[in-house]
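# Architecture and fold: a report
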Amino acid sequence: MKPFTFERVRTPAEAAAAAARNPGSKFIAGGTNLLDLMKLEIEAPTHVIDVSRLTLDKIESTPDGGLRIGALVRNTELAADERVRRDYGVLSRALVAGATGQLRNMATTAGNLLQRTRCPYFYDTNMPCNKRNPGSGCSAIGGFTRPLAVIGASDSCIATHPSDMAVAMRVLDATVDTVRPDGSTRAIPIADFHRLPGDQPHLDTVLTHGELITAVTLPKPIGGAHFYHKVRDRASYAFALISVAAVVQRDGTGRVALGGVAHKPWRIEAAEAEMPRGAKAVTAILLAGAKPTEDNAFKLKLVERTLAAVLADAKGAPQ
Amino acid sequence: MQRPDELEVTRRELLVAGTATVAATIVPTLGRADVPATQPAPATAPSTESKVAFTVNGKSYQLEVDTRTTLLDALREHLHLTGSKKGCDHGQCGACTVIVGGRRVLSCLSLALMHEGDSITTIEGLGTPQNLHPMQAAFIKHDGFQCGYCTPGQICSAVAMLDEVKSGIPSHATVDLTVSPKLTDTELRERMSGNICRCGAYSNIVEAITEVAGRGK
Amino acid sequence: MKFDKPATINPIDRLTVVGKGIDRIDGPLKTTGTAPYAYERHDVVPNQAYGYVLGSAIAKGRIRSFDLKAAKAAPGVIAVVTWENAGNLVKAKSKRSIAKLLAGPVIEHYHQSIALVVADTFEQARHAANLIRVEYAPEQGRFDLAAEIKNARPTGGDSGEGSTAPPVHRVGDFDKAFASAPVTLDQNYSTPDETHAMMEPHATIAAWRGDALTVWTSTQMVDWTTTDLADTLQIPKEKLRVISPYIGGGFGSKLRIRSDVLLAAVGARAAGRPVKVTLQRPLIMNNTGHRAATVQRIRIGCERDGKITAIAHDGWSGTLPGGRPETCTEQTRLLYAGPNRLITLHTAALDLPEGDSMRAPGEASGMMALEIAMDEMAEKLSMDPVLFRVANDTQVDPEKPERPFSQRHLNECLQTGAERFGWNKRNAKPGQVRDGGWLLGMGVASAFRNNLLTKSAARVRLNKRGLVTVETDMTDIGTGSYTIIAQTAAEMMGVPLDHVLVQLGDSTFPVSAGSGGQWGGNNSTAGVYAACMKLREAVAAKLGFDAADAVFEGGHVRSGDRSVPIAQAAGDSGLVAEDVIEYDPDFSKQQQQSTFGAHFVEVAVHAATGEVRVRRMLAVCSAGRILNPKAARSQVIGAMTMGVGAALMEDAVVDKRVGFFVNHDLANYEVPVHADIPHQDVIFLDNPEPRSSPMKAMGIAELGICGVAAAVANATYNATGVRVRDYPITVDKLIEGLPDIV
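Below or above, wherever it landed, is the structure these notes cover. (Residues numbered from 1 in each chain as written. Chains lettered and ligands numbered in written order. Predicted model: local features only at pLDDT ≥ 70, side-chain atom pairs only at ≥ 80, totals over all residues. Heavy atoms only, no water.)

## Some thoughts on the packing of helix α12 (residues 279-286) of chain A against helix α13 (residues 298-316) of chain A
All names here are of chain A. Where α12 contacts α13, the two axes come as close as 9 Å, and the packing angle between them is 140°. Our classification of the angle between α12 and α13 gives oblique. Between α12 and α13 lies a crossing of right-handed hand. Two secondary-structure elements touch here, α12 through A279, K280, V282 and T283 and α13 through L300, V303, E304, L307, A308 and L311. (Axes fitted to C-alpha atoms, helices over the stretch in contact; angles between N-to-C directions. Helix = DSSP H or I, 4+ residues; strand = E, 2+ residues; numbered from the N terminus. Parallel < 35°, antiparallel > 145°, perpendicular 65-115°, else oblique. Left-handed = near helix turned anticlockwise from the far one by under 90°. Contact = heavy atoms within 4.5 Å.)

## Things to note about helix α3 (residues 122-130) of chain C
Most of α3 of chain C sits inside the fold, with eight of its nine residues counted as buried. Buried residues of α3 of chain C: F122, E123, Q124, A125, R126, H127, A128 and A129 of chain C, and no others. (Buried < 20%, exposed > 50% of the residue type's maximum accessible area, 1.4 Å probe, protein only.)

## Quick look at the sheet that holds strand β14 (residues 212-217) of chain C
Residues and elements named next belong to chain C. Reading across the sheet, the seven strands line up as β4-β6-β2-β16-β13-β14-β15 and stay open at both edges, with mixed pairing between neighbours. Lying at the two open borders of the sheet, with one neighbouring strand each, are β4 (77-81) and β15 (240-243). Strand-to-strand twist across the sheet, computed as the mean angle between neighbouring axes with direction ignored, equals 20°. Pairing of strand β13 (residues 203-209) with β14, which is carried by six bridges, proceeds in the antiparallel orientation. Pairing of I205 across the sheet is with W216, part of β14. Each of β13, β14 and β15 touches helix α6 (residues 222-233); the most contacted strand, β15, lies at about 145° to it. Those strands touched by helix α7 (residues 259-271) are β2 (49-55), β4, β6 (113-119), β13, β14 and β16 (275-278), and its axis lies near 35° from that of β13. (Pairing = 2+ DSSP bridges.)

## Looking at α6 of chain C
Because each turn of an α-helix spans 3.6 residues, side chains separated by three or four positions in sequence point in the same direction. All names here are of chain C. Counted at 1.5 Å a residue, the expected span for α6 with its 12 residues is 16 Å, and the 16 Å between its end C-alpha atoms agrees. Burial of α6 is extensive: 10 of the 12 residues sit out of reach of the surface. Along α6, the residues classified as buried are V222, W224, T225, T226, D228, L229, A230, D231, T232 and L233. Tucked into the core, α6 has its buried residues touching β13, β14, β15 and α7. Q234, located one to two residues past α6, shows a positive phi value of around 55°. (Expected span 1.5 Å × (residues − 1).)

## Topic: the nonpolar core
Taken as a class, soluble globular proteins show a tendency for nonpolar side chains to be buried jointly. In this structure, I209 of chain B together with I300, M493 and V539 of chain C are the most contacted members of the largest nonpolar core, which totals 286 residues. When sequence neighbours within four positions are dropped, the list of residues in contact with I209 of chain B reads M135, F139, A158, M161, L162, L188 and M192 of chain B. Among the nonpolar cores identified, the runner-up in size contains 49 residues, and A15, V90, A110 and L212 of chain A belong to it. (Core = buried A, V, L, I, M, F, W, Y, C linked by side-chain atoms within 4.5 Å.)

## Quick look at the side chain of S92 of chain A
On the secondary structure map, S92 of chain A appears in helix α5 (residues 89-97). For S92 of chain A, the side chain forms a polar contact with the main-chain oxygen of A79 of chain A, separated by 2.6 Å. Residue contacts for S92 of chain A: discarding those within four places in its chain leaves A79, V84 and R85 of chain A together with P170 and L177 of chain B. (Polar contact = N/O pair within 3.5 Å; in protein donor to acceptor, adjacent residues only side chain to side chain.)

## Quick notes on the interface of chain C and chain B
When the parts of a complex come together, some accessible area is lost, and that lost area is often taken as the interface size. Counting residues at the interface gives 76 residues for chain C, matched by 67 residues for chain B. Together, the buried faces of chain C and chain B total about 5,900 Å²; carbon and sulfur atoms form 57% of this surface. Along the contact surface separating chain C from chain B lie six salt bridges. Where chain C packs against chain B, one counts 32 residue pairs in polar contact (both at pLDDT 80 or more). For the side of chain C that touches chain B, the elements supplying multiple residues, two or more each, are α1 (27-31), α3, α8 (281-287), β24 (500-503) and α16 (629-648) of chain C. Grouping the constituent residues of the side of chain C that touches chain B by class yields 33 nonpolar, 24 polar and 19 charged. (Buried area = accessible area lost by both parts, 1.4 Å probe. Salt bridge = Lys/Arg side-chain N within 4 Å of Asp/Glu carboxyl O. Nonpolar A, V, L, I, M, F, W, Y, C, P; charged D, E, K, R; others polar.)

## Remarks on the pairing of β16 of chain C
All names here are of chain C. Here β16 shows two buried faces, one formed by V275 and V277 and the other by K276 and T278. Bridge analysis of β2 against β16 gives three bridges, and the strand direction is parallel. Across the sheet, residue A49 finds its bridge partner in β16, namely V275.

Shown next, in the form of structure tokens:
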């Protein structure tokens with residue numbers, strides 16, 4: 001870990017000001033991913049701004065019937081919130097499918113969105129990696145690709161986004177609320193928040209330096225039966241091989257997003273029109289143009305079968 | 001090593017020996033334990049060495065640490081509370097689990113400086129060989145450990161996990177999100193999955209925790 | 001004490017303390033976090049500095065140059081040690097470790113240690129290690145076992161833990177018998193590289209006083225460490241003290257010295273103060289040893305009644321030149337009957353990290369293949385897999401029919417297990433049983449592992465208060481050594497368990513068997529038995545009793561009408577006795593000593609996704625006398641858990657371009673978690689073995705893993721109808737064969 005200076009801030013304005021003063025700074029809250037990466041010097045901020053004491057830890061109802069989730073709401077609290085369990089079950093399910101009790105007690109809503117890839121080549125600093133070291137090349141291409149992306153990847157990067165929560169947020173059409181050092185705010189639709197790798201895989205999101213996530217807002221509940229089916233090698237404490245987040249209405253219509261297949265939570269709205277016709281039809285559109293490797297081609301079939309299981313479950317599920 | 005005529009105290013001495021020396025960086029500040037954790041912590045001035053004050057097992061400490069020092073290393077290397085283990089240092093094993101403000105967390109993925117004013121409980125704070133916490137006693141009775149290295153983390157995790165169930169926090173094993181979870185075996189196993197035991201004492205650990213949970217009903 | 005004839009009735013047979021499921025005596029320390037592990041010894045020496053290891057960034061080649069300027073100038077840095085300034089380090093004569101523990105200029109494998117930075121704090125050392133710049137001259141290495149098989153020669157091999165396999169060994173005429181057998185099986189199987197992933201990383205504190213060195217380290221084998229470290233540093237063995245009272249898991253990873261102990265020693269010499277070093281987790285998988293991948297071909301020829309007439313097992317694995325292969329064919333020499341047999345073992349040279357012992361080296365991998373093959377053959381014969389195994393039992397060494405097994409209760413294990421598990425509810429036709437969205441299946445496998453006899457010494461003291469202290473360099477790696485040794489001494493000396501103090505893991509104590517090869521329990525307690533016999537003689541002599549008829553009981557020694565407190569014999573100066581159990585090979589090899597068991601597993605396979613989850617597990621074990629059923633059961637369930645890992649998830653993936661294990665941390669190399677493991681049942685058939693030792697015990701800790709993975713594989717097949725012969729059994733290998741979803 002490179003040496004850094006540390007400061008604790010009390011307000012978003014202080015946080016923004018501190019970030020503006022320090023071009024090499026990073027915010028820290030839960031720390032579960034940032035500190036992990038700092039130990040390996042994959043992340044090397046020169047200044048760390050502790051935002052964990054900001055009062056962004058509330059879950060509030062919005063005037064239009066949605067929920068505004070403070071950036072610092074811990075994963076445990078979010079998953080346990082009565083309103084989330086009742087109206088946004090897919091989110092609660094996704095949260096508890098991720099990590100462990102200890103990590104969920106630490107990890108924040110904003111931090112979860114900002115997780116970096118778990119590609120093993122990103123983690124090994126001896127290996128070229130465009131995400132870690134732009135322009136150095138991608139070691140994963142031609143290497144061990146079983147856990148990596150099958151769609152939306154580029155010649156520069158085939159990493160996946162590891163978050164479960166973000167997949168549920170995507171299916172719920174969340175927006176990410178931020179404040180920038182100049183005091184301006186914006187609300188970024190979750191669909192636009194994470195980037196595809198293209199030729200700049202080092203940029204995971206559209207955030208700019210010093211831009212602080214203050215909340216994630218969910219629109220009003222959409223009803224339906226909520227599912228988050230995560231497939232992994234061991235039964236818990238593992239990242240997804242693939243995951244399917246779905247909200248299925250009584251008439252068979254609904255929404256679906258995938259984790260573990262791309263550089264961002266993967267959702268193609270056009271595919272959802274096929275939901276009444278079943279998993280095969282949905283998957284054909286959802287994963288059209290997929291370019292898997294020999295080692296991860298199984299993900300295509302796995303997505304289709306997992307979605308099929310979800311749709312079968314939905315038929316018997318209370319709405 | 002101990003002489004046989006010291007037998008009665010031997011096992012206790014073995015424990016005490018590890019904490020006999022106190023690092024120069026520690027200034028115990030007894031009496032600060034009542035600082036409310038909710039009070040906003042003061043802003044700090046930028047430096048690569050910083051002060052932090054927190055309580056561990058009811059005792060207050062003020063430390064001056066490298067900004068890079070994790071809570072785990074503060075406990076192990078500065079306070080010589082080596083019960084919390086470093087199995088991976090990357091949040092991948094659970095051996096470093098401690099309880100902060102009533103919640104189990106991984107001390108390896110947390111900066112010491114982020115714990116200003118926090119109340120921390122480690123395995124040493126749960127019980128001692130002479131005065132075991134019920135969970136520690138149950139682990140012994142059910143042989144819920146072998147090499148012992150993941151054990152403090154398992155026990156801290158188990159104690160806090162039971163509280164999580166009581167407060168209705170759901171898990172991946174929770175069938176119905178709209179009702180309070182019950183501590184079934186499946187729930188217990190899922191909730192303890194953040195603590196890896198390579199010796200494979202899981203089946204016994206589950207029995208130990210189940211016994212303690214049943215007693216608390 | 002020479003052990004050269006079967007044990008007769010002895011004080012252990014009273015079983016007043018031995019044989020009881022006593023709670024571990026180290027439990028209060030371990031559960032309260034007060035048992036001190038190697039890296040935690042703040043108490044032993046002041047002024048400890050921190051060492052941090054840098055691993056090689058290439059798998060093969062040379063270090064052209066180091067740029068150490070920035071590292072040396074970094075705050076807090078005291079010393080930087082590389083091959084250029086480490087002094088003369090010699091490879092230990094034992095050749096137990098293969099690759100150099102401090103590389104340079106030649107690099108033999110990825111993440112091989114090339115430098116140690118010593119600094120005042122851990123944070124400083126870690127960062128400074130990252131400031132070292134290394135210029136390499138990489139070379140092309142051999143990293144692909146499948147590709148190197150064509151170059152692999154029949155070498156045979158010795159695991160160093162009692163598993164030996166000949167290069168080529170024939171009994172009868174396999175080819176002819178196989179060609180004429182009415183029912184045959186010819187299949188290939190593979191097992192991946194696996195890593196120990198013990199929870200405590202390798203760790204050492206080293207302190208020099210003049211030319212004498214003390215290391216507090218985490219080792220399974222104190223004497224191997226003392227011998228090899230002294231050899232490497234070229235110091236007299238007497239100048240080195242090794243202390244290792246608590247070990248946070250080993251499974252074979254801490255049998256042989258690794259770079260933590262060497263670099264702590266040279267780092268402390270360079271820094272002029274004590275240095276502590278732990279291998280950081282992401283380094284361990286490529287820096288140290290692992291269970292090497294295997295490719296195996298098994299051929300079985302049978303009569304229609306299920307009698308095996310021909311059996312062949314060909315094995316291939318790869319390791320660094322000079323290293324030990326995975327002796328995966330060993331068990332096939334002994335497990336089943338059949339007059340015509342062929343065993344071959346080939347080794348390929350690879351430039352990956354060295355293959356090393358991991359829990360039941362040889363048999364664990366071999367049984368993963370053989371016991372699937374037996375399941376497949378049973379199906380071809382339309383025979384129940386339990387009955388097929390029972391039909392091919394042999395009470396004699398199938399290679400040397402004149403040589404019997406000392407005891408062999410495999411059939412009883414299988415039959416008892418079948419009854420207890422409800423095996424008769426298994427549907428022999430795969431893919432038939434459903435529970436909602438899950439497919440259910442049951443599987444069975446035999447368990448087999450040899451019983452190894454190796455000499456072991458101990459010293460026993462008696463003081464004037466009747467307290468007994470045992471000193472031996474034996475280690476407790478979670479196996480329960482502290483407890484069973486205390487039980488042994490208490491039984492032998494007739495004192496309560498709380499009057500026994502056990503001191504382990506110190507090279508100033510008599511040399512024990514150490515922990516490995518499932519030999520620790522039987523041999524170390526036999527050594528304590530021998531020492532206690534001597535102490536009993538000394539006590540009897542002191543009290544004027546005839547040792548032969550004196551009874552040691554309840555803290556007293558009794559003969560005829562006379563009973564004297566044992567403490568009285570000690571006097572003010574106490575009594576001390578030391579002895580070693582030594583096995584006469586001519587005697588112990590007269591009969592084949594092996595341990596047996598049967599594993600039963602029920603799995604559920606998600607019908608849509610192919611996720612396999614184990615629902616029930618049962619092991620039935622016959623392994624001599626069980627010294628402590630509670631601790632022994634824990635050894636078995638732990639081994640069963642590791643077997644589930646091997647079956648379903650463990651896979652150290654080789655990047656064949658670069659030559660390293662890619663998933664080198666505990667997030668990417670998955671081992672079982674709580675949610676993967678159901679309640680586990682273990683049944684012991686307690687069959688004391690008088691040819692094993694005076695304790696009449698045998699090994700148990702590795703028997704528990706042998707066969708487990710195959711039982712899971714067979715259950716998965718029974719559930720799905722998909723036969724996976726390439727471990728681990730993951731969703732990608734099952735999904736194409738799963739039924740359509742309605």
